[in-house]
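# Fold and contact review
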4 protein chains.
Amino acid sequence: MIKVGIIGSTGYAGQELVRILLQHPDAEIVWYGSRSYIDKKYSDIFGNMFQLVDDVCLGENMDELADKADVIFTATPQGLCSSIINEDILSKTKVIDLSADFRIKDVETYEKWYGIEHKSPEFIDEAVYGLCEINRDDIKKARLIANPGCYPTCSTLSIYPMAKEGLIDMNTVIIDAKSGASGAGRGAKTANLYCEVNESIKAYGVASHRHTPEIEEQLSYASGEKVLINFTPHLVPMNRGILATSYATLKEKVTYDDVKKVYDKYYKDEYFVRVLEKDVCPETRWVEGSNFVDVNFKIDERTNRIIMMGAIDNVVKGAAGQAVQNMNIMFGLDENTGLKLVPMFP
Amino acid sequence: MIKVGIIGSTGYAGQELVRILLQHPDAEIVWYGSRSYIDKKYSDIFGNMFQLVDDVCLGENMDELADKADVIFTATPQGLCSSIINEDILSKTKVIDLSADFRIKDVETYEKWYGIEHKSPEFIDEAVYGLCEINRDDIKKARLIANPGCYPTCSTLSIYPMAKEGLIDMNTVIIDAKSGASGAGRGAKTANLYCEVNESIKAYGVASHRHTPEIEEQLSYASGEKVLINFTPHLVPMNRGILATSYATLKEKVTYDDVKKVYDKYYKDEYFVRVLEKDVCPETRWVEGSNFVDVNFKIDERTNRIIMMGAIDNVVKGAAGQAVQNMNIMFGLDENTGLKLVPMFP
Amino acid sequence: MIKVGIIGSTGYAGQELVRILLQHPDAEIVWYGSRSYIDKKYSDIFGNMFQLVDDVCLGENMDELADKADVIFTATPQGLCSSIINEDILSKTKVIDLSADFRIKDVETYEKWYGIEHKSPEFIDEAVYGLCEINRDDIKKARLIANPGCYPTCSTLSIYPMAKEGLIDMNTVIIDAKSGASGAGRGAKTANLYCEVNESIKAYGVASHRHTPEIEEQLSYASGEKVLINFTPHLVPMNRGILATSYATLKEKVTYDDVKKVYDKYYKDEYFVRVLEKDVCPETRWVEGSNFVDVNFKIDERTNRIIMMGAIDNVVKGAAGQAVQNMNIMFGLDENTGLKLVPMFP
Amino acid sequence: MIKVGIIGSTGYAGQELVRILLQHPDAEIVWYGSRSYIDKKYSDIFGNMFQLVDDVCLGENMDELADKADVIFTATPQGLCSSIINEDILSKTKVIDLSADFRIKDVETYEKWYGIEHKSPEFIDEAVYGLCEINRDDIKKARLIANPGCYPTCSTLSIYPMAKEGLIDMNTVIIDAKSGASGAGRGAKTANLYCEVNESIKAYGVASHRHTPEIEEQLSYASGEKVLINFTPHLVPMNRGILATSYATLKEKVTYDDVKKVYDKYYKDEYFVRVLEKDVCPETRWVEGSNFVDVNFKIDERTNRIIMMGAIDNVVKGAAGQAVQNMNIMFGLDENTGLKLVPMFP
């Protein structure tokens with residue numbers, strides 16, 4: 001039984017970790033961390049957990065936690081994980097960080113886009129970017145995982161085969177992404193009130209969203225060249241789900257079958273990536289509550305572009321689900337242990 | 001492995017049966033019945049099932065199905081199950097009917113409220129009303145289960161202890177219930193379009209809804225007297241969930257602790273019924289995707305009434321989940337096998 | 001041109017006052033008060049007002065405001081209006097208070113249910129309860145209006161004819177009400193976040209909501225007897241709208257036509273109250289954005305009860321619209337001036 | 001008083017025409033046409049119109065209608081207007097067609113994208129494309145208006161100044177658009193049910209949506225060159241609203257101020273087009289219920305692209321509102337007569 005500690009268990013990603021781990025056959029939560037709710041019963045905050053979780057919330061005593069837990073998930077704001085991690089902790093326990101602290105290899109880029117100083121740059125190199133389908137082998141040996149961002153997971157996986165095979169002009173990549181409101185977090189802000197989000201759609205962080213360099217870095221690895229993209233996130237009035245619609249110019253004429261083969265090459269053995277049938281567009285409702293990534297593409301011969309689409313549940317594959325997938329890999333379990341969640345509809 | 005056939009697998013309740021049974025360790029679906037989609041791939045209709053279900057939809061050949069399946073779920077419109085059932089079928093397989101055909105013991109009452117002739121009244125007596133927490137012992141021995149309606153499940157369970165213990169004046173019971181849109185079914189009607197349901201609430205079937213006699217019958221059994229109630233359902237702009245707010249006059253002065261003891265007497269050992277803590281009101285979000293019934297009550301000393309509240313997921317405990325719970329009981333499994341679904345939030 | 005000042009112009013009710021008054025032919029807003037946003041451009045907060053309102057938000061200098069404005073709307077939390085009002089202000093300007101400060105004639109009842117001390121009880125007697133359809137004559141002469149609460153407006157108007165004519169047993173009145181999220185206000189609370197409200201329904205303030213004594217007082221006036229009721233509000237995932245479903249036992253046997261005549265007696269000449277046709281249930285979508293109250297009823301002969309239903313837009317007839325209706329009456333305008341807003345659908 | 005006939009008055013656009021025209025000081029509806037609801041009271045279908053509209057629905061007797069009405073709005077499926085129009089009708093009345101029949105000048109393009117034969121190509125040349133801000137002068141003299149599509153209105157107006165001034169490479173234009181569900185119409189289709197649309201987002205019509213050639217034609221006029229674009233519409237769970245996020249490569253380095261001047265050049269005197277302040281992104285909630293188009297842009301120096309954004313209410317500026325704006329122009333009224341609708345929030 002893997003003993004799990006969660007720092008930040010009362011955000012949406014943290015709560016989803018709890019939901020998933022309660023149904024995981026080989027894991028047991030030993031620490032419900034939450035700075036805001038110390039000593040409060042976890043199920044008083046999340047009524048869904050009534051009679052399922054009896055624990056009260058604890059603070060951030062990392063030393064104690066490192067002794068108790070085989071793995072720590074940090075589902076916390078940027079800057080927290082990097083400020084509390086150290087060699088002693090990593091020598092005792094594994095850490096899966098759901099924040100952005102260790103996702104970007106270039107510390108200057110991190111500090112510029114996030115506007116904060118990185119408190120433990122010495123671990124950046126060691127940290128493995130936990131996009132499981134791409135970095136599985138490194139994850140197996142890792143002590144510290146940088147769990148990918150929600151948008152980067154969806155965007156990268158839907159573009160990856162085309163980038164890797166060199167079929168698209170990487171300088172033409174434009175990603176127009178749409179997310180449900182849980183992506184905005186559980187902080188009490190006027191902008192996130194029901195009446196402010198409902199019945200509206202907007203773009204935000206245009207040409208400046210922090211997930212941009214993360215996606216660029218991953219697409220650079222895939223394509224072998226330095227990539228600059230446009231990435232525009234939008235807020236959609238729904239609880240869960242991310243849809244990424246990406247555009248790129250094709251380097252040469254390709255058919256549907258050509259491209260289908262490329263996607264199948266990378267994904268046909270991946271349990272969590274589903275390459276949809278011809279002309280079927282991904283919809284977030286079909287992955288809700290699950291760890292699936294639904295991807296597909298459409299070639300537009302008129303403009304010589306390919307439209308690549310991906311859908312995930314931002315709280316699962318975009319956060320807690322992928323984190324557990326990383327845990328499974330790190331501990332030598334079947335990758336989909338506890339994660340064969342059938343998407344819930346409607 | 002229990003072999004399961006589903007008639008009506010492409011409605012919302014039918015699809016939820018599929019979702020639940022795919023995750024059930026001791027059941028296997030052998031027949032995806034759907035009159036409207038014969039020969040169509042199931043996962044072409046429900047994209048969430050892509051790569052999880054490879055089957056195509058079949059028709060209603062009950063003889064063949066009775067040979068193949070250990071249990072048949074009929075998630076079909078009123079009148080269908082009663083028109084296809086017969087002794088031969090029941091001698092070969094068990095039937096769990098999610099329609100209203102066998103819920104009401106008095107055939108005249110059924111025919112009056114439903115406006116159709118009952119085609120197999122000879123099985124009404126045998127059929128067991130599958131409200132598991134109340135009729136568990138009879139369910140064990142049943143061949144034919146009348147799976148309770150969504151509103152009756154939620155209403156009856158939230159009022160049952162008070163009725164059974166004779167603490168309320170049964171002639172004063174008023175049930176004001178609210179349901180998400182999946183309760184209206186998957187038929188293509190203008191009234192159920194997104195833009196017609198969204199951003200609105202309405203009552204419907206006022207003083208005439210078909211679940212009224214079903215609730216009255218169950219409350220009559222509980223209280224030992226003939227009960228007439230007011231039942232008013234409302235349509236709420238959300239996918240899932242039923243909340244029932246019920247009112248009744250107290251026969252004598254009781255305290256919170258008195259009533260709490262009464263609820264605990266009936267429910268403290270029930271896995272699926274959660275009596276909430278004092279002053280916590282049930283919310284449908286806390287049971288979404290699960291088979292839980294959250295109940296609680298509030299005594300109003302000013303008016304000498306008790307307000308009894310219950311929340312369920314109408315598609316789970318109000319339909320598919322309770323049907324599987326019945327199956328578990330009928331086949332001697334642990335009642336919550338495959339049903340320990342943690343509610344999904346948000 | 002009536003010069004209007006608004007205190008609390010950046011809440012949902014305040015903003016709706018702005019929307020309505022901008023389209024009012026005889027009114028002009030001269031003061032956008034908002035404690036939280038002083039010196040900030042109004043249209044920076046509410047983008048719908050861009051290029052329509054150029055003003056910046058001001059504070060609460062009541063003396064200056066009383067000199068400038070012919071009427072002041074206070075769309076503020078409980079306790080504010082009563083703490084700033086005085087004879088000098090009322091001698092210079094009229095005040096329409098959208099809070100509860102002057103709604104309840106018995107100061108002890110107010111202080112008990114609201115948990116605060118009333119700062120100017122000397123004006124309670126003078127204040128007129130601005131339920132226009134009932135108190136029109138007094139409103140004409142008033143200096144100070146207590147604009148009714150949203151739930152009380154909807155509840156009282158849907159029950160009033162039956163109470164006034166003595167056709168129902170007032171001790172049996174139960175009001176089960178449902179409101180959209182704008183009723184919870186614009187404060188940044190976790191409980192009001194999109195993901196917390198969406199896809200759920202719950203009761204709140206059961207047997208303890210502050211609108212209870214307000215409704216009881218109005219129904220007492222109507223029926224001529226002291227009335228105690230049960231009132232249960234619910235939160236519904238939609239922006240606007242209140243539906244009240246009320247139950248009462250009939251004193252004697254009445255037909256649909258009998259009751260219809262009673263409703264018509266009080267409402268057939270009322271522009272804003274629409275008694276719907278037989279068997280048509282009020283729906284909040286049909287009044288959205290308008291000042292209408294849609295009412296109807298259903299007699300249940302089985303239980304000898306009547307179910308009375310009413311629907312309003314809580315922000316309009318439940319707040320800003322009725323406030324403007326009061327203004328129109330006070331200033332001798334046609335009551336529906338600037339208020340002939342056609343409900344917006346979908 | 002302009003006498004107005006509406007063919008297709010029971011779709012969402014038709015109903016919105018009614019809402020707007022009821023509040024229009026110089027227009028009067030004389031014909032509520034609806035093939036599906038002949039002889040049915042209009043307010044029985046749309047309860048918001050109860051006591052506001054007493055008329056019953058009529059059929060499509062164009063000759064009678066042409067005699068009665070000064071202008072006919074056809075809010076009907078593609079192919080209907082072109083099949084009933086003729087010289088006689090146009091000699092007696094003006095026609096504003098909300099369908100696509102006369103939007104595309106090249107009949108082959110129309111027939112290819114719409115898959116139907118054009119029944120009156122002889123009127124295509126005469127028809128004026130009713131994008132009021134661009135074609136105002138031609139509209140004044142027109143007998144037949146092709147009211148623009150919802151997506152083309154939003155897309156074209158947000159890109160127009162850049163195209164007209166030659167500042168962007170027209171071959172790089174990509175439009176990623178998002179629409180509320182009213183854009184899908186009021187037909188009873190399973191895909192448009194509440195539970196199918198709610199809590200999900202998807203792209204549809206990828207590289208094949210019929211609004212593509214319409215947008216291309218308008219951008220070609222603006223830029224003076226033949227334009228091919230990518231246009232991807234998405235369905236968003238909300239009633240109203242379209243947001244278009246468009247991308248293009250800049251031909252040369254420009255600053256924010258340069259581009260702001262360009263937008264102001266075309267729009268600063270336009271009542272209905274609001275160029276937002278720097279860094280403010282259009283949101284559909286801020287235009288809901290109004291005829292406004294909110295536009296803005298962001299320059300991304302890293303990629304040398306401009307992101308152009310526009311938001312409209314698809315039912316108003318994207319359909320009925322623009323149709324009335326066209327009517328106003330054709331009849332010599334102030335363009336915003338009856339259209340100074342303040343956006344409704346929340």
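Below is a summary of the structure that appears in this document. All residue numbers refer to position in the chain's written sequence, counted from 1. For this description, chains carry letters from A and ligands carry numbers from 1, given in the order in which they are written. This being a predicted model, a pLDDT of at least 70 is required before a residue's local features are given, and a value of 80 or more before pairs of side-chain atoms are given or counted; all residues contribute to the totals for chains, interfaces and linings. Hydrogens and water molecules were not included; the side-chain quantities draw on all heavy atoms of the structure.

### Here's the deal with the overall build of chain A
When you go through chain A residue by residue, the secondary structure sums to twelve helices and 13 strands. With C-alpha atoms as the basis for the radius of gyration, the globule rule is written as 2.2 Å multiplied by the number of residues raised to the power 0.38. Whereas a compact globule of 346 residues would reach a radius of gyration of roughly 20 Å, chain A reaches 20 Å, a difference of no more than 12%. Principal-axis analysis of the C-alpha atoms gives chain A an extent of 60 × 45 × 40 Å. The proportion of buried residues among the 346 residues of chain A is 68%. Restricting the contact set of chain A to residue pairs at least 6 apart, pairs at least 24 apart contribute 71%. When the accessible surface of chain A is totalled, it reaches about 11000 Å², and 46% of it is carbon and sulfur. Positive charges are assigned to Lys and Arg, negative charges to Asp and Glu, while His and the chain termini are left out of the count. To locate a charge, the coordinates of NZ of Lys, CZ of Arg, CG of Asp or CD of Glu are taken. In chain A, 38 side chains carry a positive charge and 51 a negative one; their mean positions are 3 Å apart. Numbering goes from the N terminus for both helices and strands, where a helix is a DSSP run of H or I of at least four residues and a strand is a run of E of at least two. Summary of the burial criterion: residues with accessible area below 20% of their type's maximum are buried, those above 50% are exposed, and those between are partly exposed, where the area comes from a 1.4 Å probe applied to protein chains only. Every residue pair with non-hydrogen atoms within 4.5 Å of one another is taken to be in contact. The protein chains shown are the only cover counted for residues, whose accessible areas, like all others here, come from Shrake-Rupley with a 1.4 Å probe.

### Let's talk about the state of the cysteines
By definition, a disulfide links the sulfur atoms of two cysteine residues through a covalent bond. Note on terminology: pairs of cysteine sulfur atoms within 2.5 Å are recorded as disulfides. Under the definition given, this model contains zero disulfides over all chains. With no disulfide of its own, Cys81 of chain A lies closest to Cys132 of chain A among cysteine sulfurs, the gap being 17 Å. In this structure Cys81 of chain A comes out as buried when scored by relative accessible area, which is 2%. Cys281 of chain C carries a free sulfur, and the closest cysteine sulfur to it, the one in Cys154 of chain C, is 13 Å from it. Cys281 of chain C gets classed as buried once you look at its relative accessible area, which sits at 16%.

### Brief notes about the relation of the copies chain A and chain D
Two chain copies here: they are related by a rotation about an axis and a translation along the same axis. Alignment of the copies relies on least squares applied to C-alpha atoms, considering only residues that score at least 70 for pLDDT in both. For the match of chain A to chain D, the screw axis carries a shift of 0.0 Å, the RMSD comes to 0.0 Å, and the turn is 180 degrees. The relationship between the two copies is best expressed as a two-fold rotation axis. Counting the interface residues of chain A, we find that 100% of their copies in chain D are interface residues as well, pointing to one common contact surface.

### Quick look at the interface of chain B and chain C
Each partner contributes to the interface: chain B provides 47 residues, whereas chain C provides 47 residues. We define buried area as the total accessible area lost by two parts upon association, computed with a 1.4 Å probe and summed across both. A buried area of about 4100 Å², summed over both sides, lies between chain B and chain C, and 55% of it is on carbon and sulfur atoms. Considering only the surface of chain B that becomes buried against chain C, Glu199, Ile201 and Arg302 of chain B emerge as the three largest contributors, covering 17% of it. Here a salt bridge means any side-chain nitrogen of Lys or Arg lying within 4 Å of a carboxyl oxygen belonging to Asp or Glu. Our enumeration of links across chain B and chain C arrives at six salt bridges.

### Some remarks on the environment of Ile145 of chain D
All names here are of chain D. Within the element layout of this structure, Ile145 appears in strand β6 (residues 144-146). On the accessibility criterion, Ile145 (0% relative accessible area) is buried. In sequence terms Ile145 and Thr172 are 27 residues apart; their C-alpha atoms lie 30 Å from each other.

### Overview of the sheet that holds strand β8 (residues 202-203) of chain D
What links the strands of a sheet is backbone hydrogen bonding, and the strands pair in either a parallel or an antiparallel sense. All names here are of chain D. The pairing criterion is simple: DSSP has to find at least two bridges between the two strands. Ordered in space as β8-β9-β7-β10-β13-β12-β11, the seven strands form an open sheet in which the pairing is mixed. Since the sheet does not close on itself, it has two edges, and those belong to β8 and β11 (273-275), each with one partner. Where β8 and strand β9 (residues 230-235) come together, two bridges link them in antiparallel fashion. Among the inter-strand pairings, Lys202 is bridged to a residue of β9, identified as Leu235.

### Considering the interface of chain A and chain D
Between chain A and chain D, the contact holds 47 residues from the first and 47 residues from the second. Together, the buried faces of chain A and chain D total about 4100 Å²; carbon and sulfur atoms form 54% of this surface. If you sort the residues of chain A by the area they bury against chain D, Glu199, Ile201 and Arg302 of chain A come out on top, with a joint share of 17%. At the boundary of chain A with chain D, the tally comes to six salt bridges. Two residues, Glu216 of chain A and Arg302 of chain D, come together in a salt bridge whose shortest N-O distance is 2.5 Å. Secondary structure elements with two or more residues in the side of chain A that touches chain D: β7 (174-179), α9 (194-197), β8 (202-203), α10 (211-223), β9 (230-235), β10 (242-249), β12 (293-300) and β13 (305-312) of chain A. With four residues, β7 of chain A is the largest single contributor of residues to the side of chain A that touches chain D. Residues belonging to the side of chain A that touches chain D are distributed by class as follows: 22 nonpolar, eleven polar and 14 charged. Classification convention: Asp, Glu, Lys, Arg as charged; Ala, Val, Leu, Ile, Met, Phe, Trp, Tyr, Cys, Pro as nonpolar; all other residues, Gly among them, as polar.

### Thoughts on helix α8 (residues 150-164) of chain A
Residues and elements named next belong to chain A. What a helix should span is 1.5 Å times the count of its residues minus one. Compared with an ideal rise of 1.5 Å per residue, which puts 15 residues at 21 Å, α8 spans 21 Å between its outermost C-alpha atoms and is within 8% of the ideal. Maximal helix bending in α8 amounts to about 35 degrees, located at Ser158; proline Pro161 follows within four positions. Positioned one or two residues after α8, Gly166 has a phi angle of 70 degrees, which is positive. Given a residue, its bend is the angle between the two axes fitted to the seven residues that end at it and to the seven that start from it.

### Some details on the sheet that holds strand β12 (residues 293-300) of chain C
All names here are of chain C. Taken in spatial order, the seven strands make up an open sheet running β8-β9-β7-β10-β13-β12-β11, and their pairing is mixed. Of all strands in the sheet, those bounded by a partner on one side alone are β8 (202-203) and β11 (273-275). Summarising the sheet, strand β10 (residues 242-249) and strand β13 (residues 305-312) pair through eight bridges and their orientation is antiparallel. When the sheet's bridge partners are listed, Thr245 is paired in β13 with Met309. Lying over the sheet, helix α8 (residues 150-164) contacts β7 (174-179), β9 (230-235), β10, β12 and β13, oriented at roughly 140 degrees with respect to β13. The axes are straight lines fitted to the C-alpha atoms, using for helices just the contacting stretch, and the angles between their N-to-C directions are given from 0 to 180°.

### Notes on the packing of helix α8 (residues 150-164) of chain B against helix α11 (residues 256-267) of chain B
Residue and element names in this part refer to chain B. As a packed pair, α8 and α11 sit with axes 9 Å apart at the nearest point and diverge in direction by 110 degrees. By the criterion of interaxial angle, the relationship of α8 to α11 is roughly perpendicular. You can see that α8 and α11 cross each other, and the crossing is right-handed. Residues Leu157, Ser158, Ile159, Tyr160, Pro161, Met162 and Lys164 of α8 form the contact with α11, whose participating residues are Val259, Val262, Tyr263, Tyr266 and Tyr267. Its residues placed into classes, the contact of α8 with α11 shows ten nonpolar, one polar and one charged. Here is the rule for angles: anything less than 35 degrees is roughly parallel, anything more than 145 is roughly antiparallel, 65 through 115 is roughly perpendicular, and the remaining ranges are oblique. Left-handed describes a crossing in which the near helix is turned anticlockwise from the far one by less than a right angle; the clockwise case is right-handed.

### Some points on the pairing of strand β1 (residues 2-7) of chain A
All names here are of chain A. Of all six residues making up β1, five are buried, and the element is well covered by its neighbours. Alignment of β1 against strand β2 (residues 27-32), held across five bridges, turns out to be parallel. In the strand pairing of β2, Ile2 is matched with Ala27. Read as a crossover between parallel neighbours, the route from β1 over helix α1 (residues 12-22) to β2 is right-handed. We call a crossover right-handed when, viewed with both strands directed away from the observer, the connection leading from the first strand over the helix to the second proceeds clockwise.

### A word on the packing of helix α1 (residues 12-22) of chain C against helix α12 (residues 316-330) of chain C
Residues and elements named next belong to chain C. Direction vectors running N to C along α1 and α12 enclose 50 degrees, while the axes themselves pass 9 Å from each other. In terms of axis orientation, α1 runs oblique to α12. Along this stretch, α1 crosses α12, giving a crossing that reads as right-handed. Of the residues in α12, those in contact with Ala13, Glu16, Leu17, Arg19, Ile20 and Leu21 of α1 are Val316, Ala319, Ala320, Gly321, Ala323, Val324 and Met327. Of the residues belonging to the contact of α1 with α12, the class tally is ten nonpolar, one polar and two charged.

### Looking at unusual backbone geometry
Trans peptide bonds make up most of the peptide bonds, and negative phi angles are found at most residues other than glycine. Following Phe345 of chain C, the chain continues into Pro346 of chain C via a peptide bond in cis, with omega recorded as -5 degrees. Position of Pro346 of chain C relative to the elements: it lies in the segment after α12. The phi dihedral of Glu199 of chain B falls on the positive side, at around 55 degrees, and the residue is not glycine. With a relative accessible area of 3%, Glu199 of chain B lands in the buried category. Backbone geometry places Asp39 of chain D, a non-glycine residue, at a positive phi of 75 degrees. Residue placement: Asp39 of chain D occurs in the loop between β2 (27-32) and α2 (42-45). Using a relative accessible area of 61% as the deciding quantity, one classes Asp39 of chain D as exposed.

### Points about the packing of aromatic side chains
In summary, the pairing rule links any two rings of Phe, Tyr or Trp, Trp by its six-membered ring, whose centres are within 6.5 Å, and it sorts them by plane angle into stacked for under 30 degrees, edge-to-face for over 60 and tilted for everything else. Counted according to the given criterion, the structure contains 58 aromatic pairs over all chains. In this arrangement the basic side chain of Lys94 of chain C is found over the ring face of Phe331 of chain C, its NZ or CZ atom lying 5.6 Å from the centre. Two conditions define a charge sitting above a ring: the NZ of Lys or the CZ of Arg must be within 6 Å of the ring centre, and it must be within 35 degrees of the ring normal.

### Observations regarding helix α11 (residues 256-267) of chain C
Residues and elements named next belong to chain C. In this model α11 runs 16 Å from its N-terminal to its C-terminal C-alpha over twelve residues, within 8% of the 16 Å that 1.5 Å per residue would give. Within α11 the residues assigned to the buried category are Tyr256, Val259, Lys260, Val262, Tyr263 and Tyr267. Down the axis of α11, the buried set is contained in an arc of 160 degrees. They therefore lie on one face. The outward face of α11, more than 90 degrees from its buried face, is lined by the exposed residues Lys261 and Lys265. If you follow the buried residues of α11, they end up packed against α8, β11, β12 and β13. To be clear, the arc concerns the directions from the helix axis to the C-beta atoms.

### Description of the pattern of salt bridges
Residue and element names in this part refer to chain D. Overall, the coordinates contain 104 salt bridges over all chains when judged by the stated rule. Here Asp176 ties to Lys178 by a salt bridge, and the two come within 2.9 Å at their closest N and O atoms. When sorted by exposure, Asp176 lands in the same class as Lys178, which is buried.

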